[in-house]
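Take a look at the letters that make up each chain.
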Amino acid sequence: MTLNSSRRIFLKSSALAGVVFGAAPRSLMRSVFAAEARGGRPKTFVVVFQRGACDGLNTVVPYGDGGYRKARPSIAIPAPKDGDAAAAIDLDGHFGLHPALSDLAPLYRSGALGIVHAVGSPDNSRSHFDCQDFMESGTPGVKSTSDGWMNRFSAALPRTESKFRSVALTQTLPRVLRGASPAVALARIDDFHVREDIAMSEAAGMPRAGRRGAMEGGSRPGMAGTKDADDSSAAAFEKLYADAAKDMLGNAGRETFEAIEALKAADPARYTPRAGVSYPRGRLGDSLKQMAQLIKADLGVELAFVDIGGWDHHTAEGASTGQLANLLRQLGGSLSAFHDDLDDRMRDVVVLTMTEFGRTVRENGNRGTDHGHGSVSFVMGGPVKGGRVHGRFPRLSEENLYEGRDLPVNTDFRDLVGEVLVRHMVVSDLRKVFPGYEVKPQAFVGALRS
Amino acid sequence: MNRNRYSDAALRVVLAGQMAVLGPAPGALAASPVTASVPSDDATAIHVLNRLTFGPSEKDLARVRRVGVSAWIEEQLRPSAAADTALATRLAPLETLQMDTAELRAKYEIPPDVRQQIQKARAERDAAEGKTSAAAPGERFEQMDAKARREEREAMVKQFPQLANLQGTPQKVVGELQAGKVLRAAYAERQLDEVMADFWFNHFNVFARKGPVEFMIGDYERGIRERAFGKFEDLLVAVAQSPAMLFYLDNWQSVDPGFSPRDLYRPQTMGGRPRPNRNPRPADSGPSGNTKQPPRRAYGINENYARELMELHTLGVDGGYTQADVVEVAKAFTGWTILGEGPGGPRRNKESRFAFAEPAHVKGDKHVLGFTIRNGGEKEGLEILHLLATHPSTAKFISRKLVQRFVADRPPQALVDRAAATFTRTGGDIREVLRTIFSSEEFLGPAYRSAKIKTPFEFVVSSVRATGAEVKNPRPLSDKIGAMGMPLYLQQPPTGYKDAAEEWVSTSSLLERMNFALDLAAGRVRGVSIDQRALNNPSATLDSVAAQLLPGGLSPKSKETLEAEAAKDGTNKAMLVGLVLGSPEFQRK
């Protein structure tokens, strides 16, 4: 019997006996996870999905191309200019960062952040729904794929005891992580437990979250304060779901309780952000802050997912300020906080941003942009070859545009993801991850060192 | 209760098992009523309640047992016109639900100029403090606690005296919408009415936090509700001309690129309201305060509505349209706008109703799906809506969604085909399509019972209905639904919420459900009370608790677990109630 399986049995039986989970010896679990980190820490791949189709051209701005300004009379970002806070931040004499991404500029310059332009999915439906679905299933054009590419990749990794190998900081499990391999969705790590029974805890005087007052008529003479009943409802729920059918619901129920146990043992809430690091307010900052905690707690996170919506700017997109700028500020601030927070752990972590498609090169009639094709991705951490804009980028004249209107997709997102999987996660056979598509190293843009 | 114009005898026509052979009845214009030979056993009754209501309540179960399953379905399909007074009493305190868009805007909308100043001041303050406030409008306010909100409000009124006349914040409007939706689902007698209103709202989803949409949703939903069982085309037209959809999918400002807004305000062009405005407000509510931007405004075509009209409202993404069709449809709908909201429009007019602005319309024939739509102004859009509503892809797409809602996540194709045939034969009569589904073997038979997982909304409301809980304040319930990933009226993308288990089954949402179940049972959900005497009396047993909450029954293993729990010294019934509500069985319907 291995240490790992005995740990499971220990936890199960103690739970059923009603022992408080938190009382399980923490040192034991920590060593279990430490032992698991085969020859060091596991590699982690964090996907940040920008839902709604981000305007890549106003994110990483080809200011050196005269066609850019012409196509966008009211929303173009001005070319870099010293002392002009509204101007793009120069990257290489041709491209500039949107000024709201100023937090990313130092990372780019230090080589910790790379950019891949004109990237996306070959599907041309321009449908948010379909294109997100395809980017998450990993099979553009094939709707019958029931699982996501991150889930299939997880299945291709060696077995693990970690319950947090695949984790999304979302309320519902994203498509990309759905499938046969276990995956955890959690919205807030400090809230991830079954509410203890109130009448009991009041009497027991145990300081725990979630307590709000005694139930009506629910006093239980003779039972107050005993540990036995404290997690009784949690244990009963665990048993109900342990016995449930091995279907989606039953599996999710079992994974829930395994994740609760692992979280209690590792107590990631202890890992507050490093001094001087502050995440921006908002969903993405919250998510990445908690993701950093899970990683620092050595929970065995390998495939991580967060998302941020609101990128669909058909109207009043804004230029240097405005709707897009506000979101970009949140994106840049969150990525840079995550980078600084993880510090030397970033060696083992790669962050990749993705969006379902880009937007029209020309602005539309409402100072916004309509659904387009290629967009831009940021790559950060691990073996990234930062400080440059990768990928083939065309001149923005009509004949170079996809269907005469959009930035083309010159890098298939599967080749970019493939590059991360091969060069960072060190798995070479991706046939099952992207069925029907051959990921060829020749197609890699070279965003990571091999 | 006035059932409808069909007699019971007329109902006894169709055998469920024979639906497949029946096909369209020759010359039968009228309904093919739901079969009377539907078994009225308890299992069928419970199944039908699970799918056609927001969860079985004791009262509804008793009624189905009394009148029989098929008669009950007919009642729901053709509900009495009599007012649901009990529900009306519960809704009465939600005063904004009684107001139309114009009244809501007058009483709750922050004037655009004030809003801009507030946003600008806030952005400057945040910039000075080095903070970002990328939160969506309204989100930031919601992140504050009550005291901070009150202080913020007071400070704002001090700074902007215009705000003093408002009767509350826009947040109140959305809050009452959510509250009303929960109350209706929990207590309405015409349950199928609520289910269909919810279905169609989700099908034609709009997002309350986009500009003034929050003030338009009340009217929008009333329009949908009135047509929920009628002809699909009527519903489609009502949606296309609703300010809520026109604003949400940007069509209100989609205009001929050669159009100048000044053309619009010749008196004859827009309902005779010649109030030119030289400083049109920015196109959206979002901040756009870059003073360096060129002062001129760009006008032109916006494809957003045209695309979603075909992809999401009618044909489906595989329904056979192309990007060229999207552009042509977008041209045809240029000029479909909102009176008082249109490009450069008089901002003070808060009437918010549909208007066609001829000068903003792209002239010329349009070529859509292989058809030529002749140059015809407003008529072009109506012709396209007709073309789409009667298109075979639409019959299939709508039928498929309905079968997915009522039968199974992976809809049985044979039933989808029959429903689509009914759709086509009846000119898109929604009630008839529902009859085809409800009288099918696929729906009534055992194959798909308990096959669907409740959405968070269904789960929370069905808990209330099963326990017979008294909801004094629905807000904590709608908050919970939001915490489970399904905030009401706040689904941002036009796709609406997905109606399939994989969307709602996750570690996180299951945990939310278990905790909600325990909280509800223990009386810890603020504003909601459960009759503890009924559930927690000494003579109550696990069996009696489970029979009420889960008439479909617990699995033998679950029963064993809960019996062991019940036998424990000191386990009270409230906890058993919580365990049943959080059990795997209660998540199904």
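Rules behind the numbers
- Residues numbered from 1 in each chain as written.
- Chains lettered and ligands numbered in written order.
- Predicted model: local features only at pLDDT ≥ 70, side-chain atom pairs only at ≥ 80, totals over all residues.
- Heavy atoms only, no water.
- Helix = DSSP H or I, 4+ residues; strand = E, 2+ residues; numbered from the N terminus.
- Buried < 20%, exposed > 50% of the residue type's maximum accessible area, 1.4 Å probe, protein only.
- Contact = heavy atoms within 4.5 Å.
- Areas by Shrake-Rupley, 256 points an atom, 1.4 Å probe, with all protein chains shown as cover.
- Phe/Tyr/Trp six-rings, centres within 6.5 Å; stacked < 30°, edge-to-face > 60°.
- Lys NZ or Arg CZ within 6 Å of the ring centre and 35° of its normal.
- Core = buried A, V, L, I, M, F, W, Y, C linked by side-chain atoms within 4.5 Å.
- pLDDT = per-residue confidence, 0-100.
- Axes fitted to C-alpha atoms, helices over the stretch in contact; angles between N-to-C directions.
- Parallel < 35°, antiparallel > 145°, perpendicular 65-115°, else oblique.
- Left-handed = near helix turned anticlockwise from the far one by under 90°.
- Pairing = 2+ DSSP bridges.
- Salt bridge = Lys/Arg side-chain N within 4 Å of Asp/Glu carboxyl O.

Draft legend 1. Just the overall build of chain B, in detail. Broken down by element type, chain B carries 31 helices and 6 strands. In chain B, which comprises 589 residues, the share counted as buried stands at 60%. A separation of at least 24 residues holds for 74% of the contacts in chain B among residues at least 6 apart in sequence. Working note: accessible area of chain B is about 22600 Å², and carbon and sulfur atoms make up 53% of it.

Draft legend 2. Broad picture of the packing of aromatic side chains. All told, the structure shown has 22 aromatic pairs over all chains when counted by the stated rule. With 5.0 Å between their ring centres and 85 degrees between their planes, F95(A) and F393(A) make a pair best called edge-to-face. Linking F95(A) in the loop between strand 3 (89-90) and strand 4 (96-97) with F393(A) in the loop between strand 11 (389-390) and strand 12 (411-412), this pair joins segments that are 298 residues apart in sequence. Overall, the relative accessible area of 6% leaves F95(A) in the buried class. Among the aromatic residues, those joined into a cluster by ring pairs are F199(B), W200(B), F204(B), F232(B) and F423(B). For the cation-ring pair, R414(A) lies above Y437(A), with the distance from its terminal atom to the ring centre recorded as 3.7 Å.

Draft legend 3. Up close: the nonpolar core. Of all hydrophobic cores here, the largest spans 229 residues; its most connected members are F164(A), F338(A), M196(B), W200(B) and F406(B). It is helix 12 (residues 323-342) of chain A that provides the largest number of residues to this core, a total of 9 residues. The residues touching M196(B), leaving out its near neighbours within four places in the chain, are A228(B), F229(B), L402(B), F406(B), I430(B) and L434(B).

Draft legend 4. Local environment of the confidence of the model for chain A. Of all residues in chain A, 84% attain a pLDDT of 70 or more, and the chain-wide mean is 85. Confidence over residues 1-38 of chain A falls short of pLDDT 50; this stretch has 58 contacts with residues more than four positions distant or in other chains.

Draft legend 5. Structural detail: the packing of helix 30 (residues 556-567) of chain B against helix 31 (residues 573-582) of chain B. All names here are of chain B. At a minimum axis distance of 10 Å, the contact between helix 30 and helix 31 shows a crossing angle of 165 degrees. The angle between the axes of helix 30 and helix 31 places the two elements in the roughly antiparallel class. Seen from above, helix 30 lies across helix 31 with right-handed handedness. Contacts between helix 30 and helix 31 involve L562, E565 and A566 from the former and M575, L576, L579 and V580 from the latter.

Draft legend 6. Region of interest: the pairing of strand 9 (residues 349-355) of chain A. Residues and elements named next belong to chain A. Across the 7 residues that make up strand 9, a large majority, 7, are buried. The alternating pattern of strand 9 places V349, V351, T353 and T355 on one face and V350, L352 and M354 on the opposite face, and all of these are buried. The pairing of strand 1 (residues 44-50) with strand 9 spans 7 bridges and is classified as parallel. Its bridge partner lying in strand 9, V46 is registered against V351. Alignment of strand 9 against strand 10 (residues 375-381), held across 3 bridges, turns out to be antiparallel. Bridge pairing links V351 to M380 in strand 10.

Draft legend 7. Quick peek at the pattern of salt bridges. Scanning the entire structure with this criterion turns up 61 salt bridges over all chains. Ionic pairing is found between D307(A) and R51(A), a salt bridge with its closest N-O pair at 2.9 Å. Of this pair, D307(A) sits in strand 8 (residues 303-308) while R51(A) sits in the loop between strand 1 and strand 2 (60-61); the two residues are 256 residues apart in sequence, bridging distant segments of the chain. Each member of the pair, D307(A) together with R51(A), is buried. Connected through shared salt-bridge partners, R126(A), E403(A), R405(A), D406(A), E303(B) and R307(B) make up one network.

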